[in-house]
Amino acid sequence: MDEMGVPRTVAAGPRRARRRAATAVTVLAGLAWLGAGALGAQVPASLIGRELLPPRVRVEPFAGPFSGPVALAFLPDGRLLVTEKNGGVRLVSVDGQSAPDPILNLPTDQTAERGLLGVAVDPGFAANQRVFVYHTLPRPSVNRIVRFRLVDGRAVAATAVYTLPAPGTIHNAGNLHFGPDGQLYVGVGEGGTPARAADLADPRGKLLRLDPAATPLRASAGNPFAGLPGMDGAIWASGFRNPFDFTFDPISRALLATDNGPDCNDELNRVRPARDYGWRAAYDCRRPAGPAGTEAPLWVWSQTVGITGPLVYAGRTIPDWDGSLLACSWNHGQLFRATLSADRARVAAVNRVLDVTCNIDIAQGPDGGVYFIEGGGYAPGWVRRIVPDPDATPGPRPTLAPLERAFVPRVVKGVRGR
Ligand SMILES: [Ca+2]
Ligand SMILES: [Ca+2]
């Protein structure tokens, strides 16, 4: 979990939701970074605009506080699962209530960026009640995937179904999501050792694709390196530093993953199988496209914001956001909205949405609302949501500079660890 060592610059406590919605001030980011490969040594002009929340929505508290919440996953009936870094899985009712105790408490090493991180609900949940989580076991020290069944509000039959090599204290990534192909994808960080990212024998610094029906989990059929000597057949794509979170675009079905850069170049990537996304020990911040033969990101925040929690919002509940990619800044507690090109293959513009504090994860509820974690990680956190409100009155149109540079982060040397 990259950048979790950086003190948050936002209030740790719950902020009163502000009924401030508004005329969207879409400030086109303009100079989208085009053709990274062709530009080579150019530092991308990731200009980021600002906008208000769309009209007729409000931000409101939903659930919490939780102990270091990290990830969110909805059940088909609208209940919400929240992972806590210390090993707890919390279950939240549709009206935001949660029991004081977790439904599952796994023995978890939460040193630095280790912990209970991701959660994914099986697409066959109605029939099999299966949920998967990713956590760091203290002894032996491994990251592993645990599967359990959620029956009558209780977690039963928790079973370790996949084990990864020894974790780093940093760069564990740890989110997992089902793809539209029904396979389980897992983000694994390089654990602080950049050379692992391009090593196809090592699952670290990769996105993996696993068959969720197998016990233990195994490489999915059709994986690009399956059966090749000396390679880990679970690997779907390589060359990541800390692919903290990812999502599938429900419109294009593309896998969109963040990767947290060193002191530069937080990325959004469109991930295709067998491709290498370029992280190396000798990575050059001036060359965000990465080394020759690797895949350039779709977008770069040239200053690290700790980008994570990507979600493509799809639906008419918040029509202004239909088809947009939303993501959070761990470092700064900010919400970004990216507009994708018509073919969904490029980022046309990125704006920061004002008046929303989003630190880690975002999920779209069955009600069409946008749910997100404010705080969390090393600190208590809350789930808040953005929902329609026909009575929300537009706020004053702000005076904004037409463009702002990507953010200058508050970097604390030696804490983040590299
Ligand atoms: Ca990259
Ligand atoms: Ca997520």
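To start, this report covers the structure provided alongside it. Being a predicted model, the structure only gives us computed values, none of them experimental. (Residues numbered from 1 in each chain as written. Chains lettered and ligands numbered in written order. Predicted model: local features only at pLDDT ≥ 70, side-chain atom pairs only at ≥ 80, totals over all residues.)

**Comments concerning the overall build of the chain**
Part 1: Looking only at helices and strands, the chain features two helices and 26 strands.
Part 2: A buried classification covers 52% of the 418 residues belonging to the chain.
Part 3: Restricting to contacts in the chain with at least 6 residues of sequence separation, those with at least 24 account for 63%. (Helix = DSSP H or I, 4+ residues; strand = E, 2+ residues; numbered from the N terminus. Buried ≥ 20, exposed ≤ 12 C-beta atoms within 10 Å, placed from the backbone. Contact = placed C-beta atoms within 7 Å.)

**A closer look at the environment of D266**
Part 1: Here D266 shows up in strand β18 (residues 266-271).
Part 2: The spatial distance from the C-alpha of D266 to the C-alpha of P288 is 9.3 Å, given a sequence separation of 22 residues.

**Description of the sheet that holds β18**
Part 1: An order of β16-β17-β18-β19 is seen for the four strands of this open sheet, with the pairing classed as antiparallel. This sheet does not close on itself; its edge strands, each paired only once, are β16 (246-248) and β19 (299-301). Along the sheet, successive strands turn relative to each other by an average axial angle of 15°, direction set aside.
Part 2: The pairing of β18 with β19 spans three bridges and is antiparallel. Among the inter-strand pairings, E267 is bridged to a residue of β19, identified as V300. (Pairing = 2+ DSSP bridges. Axes fitted to C-alpha atoms, helices over the stretch in contact; angles between N-to-C directions.)

**Remarks on the environment of N269**
Part 1: One can find N269 in strand β18.
Part 2: Sequence separation between N269 and L298 is 29 residues, and the spatial gap between their C-alpha atoms is 5.3 Å.
Part 3: The residues touching N269, leaving out its near neighbours within four places in the chain, are A257, D259, Y277, E295, P297 and L298.

Read these as spatial facts, not as claims about activity.
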